Amino acid sequence: MACAFLSRTLVSHRFVSSLVTNQNSQKLSSLFFKPFHSWSCSTPIAYRRFTLVRSDMASTMGRSTVAFSTQSMSTGEPVVSVDWLHANLREPDLKVLDASWYMPDEQRNSLQEYQVAHIPGAIFFDVDGISDRTTNLPHMLPSEEAFAAAVSALGIDNKDGVVVYDGKGIFSAARVWWMFRVFGHDRVWVLDGGLPRWRASGFDVESSASSDAILKASAASEAIEKVYNGQAVGPVTFQTKYQPHLVWTLEQVKKNTEDQTHQHIDARSKARFDGIAAEPWKGIRSGHVPGSKCIPFSQMLNGSQTLLSADQLKKQFEQEEISLDSPVVTSCGTGVTACILALGLHRLGNTDVPVYDGSWTEWGAQEDTPVSTSTETS
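Residues numbered from 1 in each chain as written. Predicted model: local features only at pLDDT ≥ 70, side-chain atom pairs only at ≥ 80, totals over all residues. Heavy atoms only, no water.

Focus on the packing of helix H7 (residues 173–182) against helix H13 (residues 338–347)
Now for step 1: In contact at an axis separation of 8 Å, H7 and H13 are set at 70° when each is read in the N-to-C sense. As the angle between them shows, H7 and H13 are arranged roughly perpendicular. Crossing of H7 against H13: the hand is left-handed. For the pair H7 and H13, the contacting residues are Ala174, Arg175, Trp177, Trp178 and Arg181 in the first and Cys339, Ile340, Ala342, Leu343 and His346 in the second.
Now for step 2: Considered class by class, the residues forming the contact of H7 with H13 number seven nonpolar, one polar and two charged. (Axes fitted to C-alpha atoms, helices over the stretch in contact; angles between N-to-C directions. Helix = DSSP H or I, 4+ residues; strand = E, 2+ residues; numbered from the N terminus. Parallel < 35°, antiparallel > 145°, perpendicular 65-115°, else oblique. Left-handed = near helix turned anticlockwise from the far one by under 90°. Contact = heavy atoms within 4.5 Å. Nonpolar A, V, L, I, M, F, W, Y, C, P; charged D, E, K, R; others polar.)

In structure tokens, the structure reads:
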């Protein structure tokens with residue numbers, strides 16, 4: 001996997017480098033994005049000011065007249081605004097991760113797009129690479145040791161606050177937010193609206209055909225491989241504390257179909273949930289887990305791909321007769337957009353929502369798991 005990642009990186013490096021050499025920056029950006037400006041450092045005062053700005057929030061997380069510290073930031077609110085990030089981007093104990101990931105049929109290369117344009121100083125987090133190497137299921141949660149090794153290779157410490165974003169707005173970033181929380185790191189937030197909102201706000205991006213960030217991403221992939229091969233890894237600076245209550249397994253979901261201790265919400269589209277639309281992954285049956293309900297992840301977001309307000313989120317869950325006073329478990333296709341449901345519930349104060357990691361890709365591939373469809377229930 002490390003070799004594959006490195007090969008992919010080198011190919012992308014050559015691809016972007018040649019474009020940078022032969023074309024101006026405006027032509028380069030037009031391949032992937034609307035034209036952007038090359039990054040120029042904002043004034044130190046602008047980066048040091050600590051006035052928290054949040055969109056669609058009833059209250060601010062707080063103000064500080066002393067040195068910035070992520071320790072003082074609220075972990076009850078799962079997102080931060082682009083204005084807040086822009087104001088605090090240069091703080092030493094704040095790390096920004098580009099965790100863009102796209103569905104296979106979109107044919108988008110997240111690494112190449114990262115190299116062309118990303119938030120200044122952001123590190124690339126490979127959702128597929130930082131994953132369990134013992135399963136054929138896509139991007140499953142890695143072991144504690146593997147996650148610690150990979151995150152350490154990215155240069156992240158336990159003292160750091162982490163802001164995660166993606167190229168869609170809120171999509172795969174929520175998955176990485178959940179991963180950090182699973183391993184005991186609560187000082188993690190999703191950038192509300194992601195890279196599109198950052199760019200729409202007029203903030204600069206930077207490109208890097210070759211950078212320390214790319215080397216870190218490759219090192220993280222190599223660290224994962226070494227752990228699963230039983231080899232020694234470099235210094236581990238990030239310590240994990242596994243939170244098993246945030247992760248559900250196939251057996252737990254099976255048991256829940258009988259016991260119904262948790263309300264099961266599926267984040268896939270209604271057509272996939274009903275079994276009308278085929279799954280994008282080969283060999284997977286269509287339908288849903290018996291007893292589960294469907295709230296497509298898009299219903300957690302507004303038109304600008306930012307998280308709905310608390311009142312708006314409540315309405316979404318109430319419409320599907322989900323009680324916010326009772327336990328909830330979420331799932332989706334491969335465990336990515338289920339985390340957006342968990343993000344929305346977190347805003348409503350439900351901070352311990354488990355995600356079924358294997359989700360429908362695992363459930364639908366089994367021969368002995370029950371499957372319901374709309375034709376059976378209509």
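Still more ground to cover, so stick around.
What about the nonpolar core?
Now for step 1: Counting 73 residues, the largest nonpolar core has Phe125, Trp178 and Phe180 as the members making the most contacts within it.
Now for step 2: Considering each element in turn, this core owes the most residues, eight residues, to H7.
Now for step 3: Here Phe180 is in contact with Leu97, Phe125, Phe147, Val151, Ile156, Val162, His185, Val188 and Phe238, once residues within four sequence places are set aside.
Now for step 4: Leu85, Leu94, Leu191 and Phe203 belong to the second largest nonpolar core, which has 20 residues in total. (Core = buried A, V, L, I, M, F, W, Y, C linked by side-chain atoms within 4.5 Å. Buried < 20%, exposed > 50% of the residue type's maximum accessible area, 1.4 Å probe, protein only.)

Side note on the environment of Pro196
Now for step 1: With respect to the secondary-structure elements, Pro196 resides in helix H8 (residues 194–200).
Now for step 2: Sequence separation between Pro196 and Asp166 is 30 residues, and the spatial gap between their C-alpha atoms is 8.6 Å.
Now for step 3: In contact with Pro196, other than residues within four places in its own chain, are Asp166, Gly167, Lys168 and Gly169.

Examining the packing of helix H12 (residues 310–319) against H13
Now for step 1: Axis separation between H12 and H13 bottoms out at 9 Å; the angle between their running directions is 120°. The orientation of H12 with respect to H13, classified from their angle, is oblique. The handedness of the crossing between H12 and H13 comes out as left-handed. Listed contacts from H13 to Ala310, Leu313 and Phe317 of H12 are Leu341, Gly344, Leu345 and Arg347.
Now for step 2: Classifying every residue of the contact of H12 with H13 by side-chain character gives five nonpolar, one polar and one charged.

From the geometry alone we can't say anything about function, so treat these as descriptive.
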